[in-house]
Amino acid sequence: MSQRSLHAWLLLLPALVLLVAFTHWPAVSTLIDSFYSTPKGSRPGVWVGVENYAVMTADPVFWKAVRNNLWFAGATIPLSIALALVMALWVNERIAGRAFLRMAYFTPTVLPMIAVANIWLFFYTPQYGLLEQITGALGLPSHNWLGSPSTALGAVTLVAIWKEAGFFMIFYLAALQTLNPSLREAAAIEGASRWYFFRRVQWPLLMPTTLFVLVNAFINAFRMVDHLFVLTRGGPDNASILLLYHLYEVGFSFWDTAYASAITVVLVVVLAGISLFQFFVLDRKVHYK
């Protein structure tokens, strides 16, 4: 090995150690633990093969969490991306108060999720919450948005969309500002409408940003957990439980770490598969020039 290569590996060594210690080794350790039973006191875990996975397939709460998470992802991903794109297009124009609008849209992103959840908890509080005050002024009946199985998941979904749209807007706004202004001028000379210019010029050029945002949106949809602690704790009757919250309950409330490891493995495999599909299949439809 040459001296130059040795210097390069030494420079990379701290990052490699952190990557292996906090990413690769925990993933391998979790996979191994999923094939053992949960240790109890002085009794170590024993090899049980795929028993934890069999328990998972027979667990109705797990499948309820899967259905809820799919519904949650199906709502948050397209709506947050679409809202982010609309906001980015708006604040990219020369309008009055543009700086204030950008700050207002981005503010939810910098707030901790627990703080955001507490804000929305006030909105959803029955009888005296802000939402109840508005519906009461309109003559509509009072409703427990977080305590009703029919609306709990939708209420949680709305909070996630409100928080994530501003984050994705920053990436779209940065991408829009890198586009050549002459493209808009040429379209205006040709008499193209704003919709036609967006559909034929801006949207194709924004595809790399959209792919990046899409990957992040998928990951965020399956790792959302913190606001559930404040808003619903997965209730009522598991109506708003998501996969990561179910994993937390299994691992830290019921202390079944082996079963929690099996759920973690399945979740990681699903997310990795989705990410690989997006990068190697959807990437072919992306225009980089």
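Above this text is the structure in question.
Notes on the structure in this doc start here. These figures come from a predicted structure and were not determined experimentally.

## A look at the side chain of lysine 163
Within the secondary structure layout, lysine 163 lies in helix H7 (residues 152–178). Buried and unpaired, lysine 163 has no salt bridge, with aspartate 226 as the nearest side chain of opposite charge at 7.5 Å. The residues touching lysine 163, leaving out its near neighbours within four places in the chain, are Pro108, Thr109, Leu111, Met113 and Val116.

## Things to note about helix H5 (residues 113–124)
Over its 12 residues, H5 runs 16 Å from end to end, which matches the ideal 16 Å to within 8%, given 1.5 Å per residue. Turning to H5, its buried residues are Met113, Val116, Ala117, Trp120 and Tyr124. When H5 is viewed along its axis, its buried side chains cluster within an angular range of 100° and face the same direction. Turning to H5, the residues buried within the fold contact helix H4 (98–110), helix H6 (130–137), H7 and helix H11 (226–231).

## Focus: the nonpolar core
For soluble globular proteins, the rule of thumb is that nonpolar side chains tend to be buried together. Judged by nonpolar contacts, the single largest core of 59 residues is most densely connected at Ile81 and Tyr172. Ignoring sequence-local partners within four residues, the contact set of isoleucine 81 consists of Thr76, Phe168, Tyr172, Val213, Leu214 and Ala217.

## Looking at the packing of aromatic side chains
If you walk through the whole model with that rule in mind, you get 19 aromatic pairs. Ring centres 5.1 Å apart and planes at 70° place the aromatic pair phenylalanine 62 and tryptophan 63 in the edge-to-face group. By relative accessible area, which is 6% here, phenylalanine 62 ends up buried. Ring-pair connections join several aromatic residues into one group, and the members of that group are Trp120, Phe122, Phe123, Tyr124 and Trp162.

## Section: a nonpolar patch on the surface
There is a patch of nonpolar side chains on the surface, built from Val20, Trp25, Val28, Ile32, Tyr36 and Trp47 and spanning about 620 Å² of accessible area. The exposed category is assigned to tryptophan 47, whose relative accessible area is 58%.

## Considering unusual backbone geometry
With an omega of -5°, the peptide bond between glycine 235 and proline 236 qualifies as cis. With respect to the helices and strands, proline 236 occurs in the loop between H11 and helix H12 (243–253). Phi is positive for aspartate 237, close to 55°, though the residue is something other than glycine. Its location among the elements puts aspartate 237 in the loop between H11 and H12. Look at aspartate 237 and you get exposed, because its relative accessible area is 70%.

Calculation rules
Residues numbered from 1 in each chain as written. Predicted model: local features only at pLDDT ≥ 70, side-chain atom pairs only at ≥ 80, totals over all residues. Heavy atoms only, no water. Helix = DSSP H or I, 4+ residues; strand = E, 2+ residues; numbered from the N terminus. Buried < 20%, exposed > 50% of the residue type's maximum accessible area, 1.4 Å probe, protein only. Lys, Arg positive; Asp, Glu negative; His and termini not counted. Salt bridge = Lys/Arg side-chain N within 4 Å of Asp/Glu carboxyl O. Contact = heavy atoms within 4.5 Å. Expected span 1.5 Å × (residues − 1). Arc of directions from axis to C-beta. Core = buried A, V, L, I, M, F, W, Y, C linked by side-chain atoms within 4.5 Å. Phe/Tyr/Trp six-rings, centres within 6.5 Å; stacked < 30°, edge-to-face > 60°. Patch = residues over 30% accessible without salt bridge, like charges linked within 9 Å, V, L, I, M, F, W, Y side chains within 5 Å. Areas by Shrake-Rupley, 256 points an atom, 1.4 Å probe, with all protein chains shown as cover.

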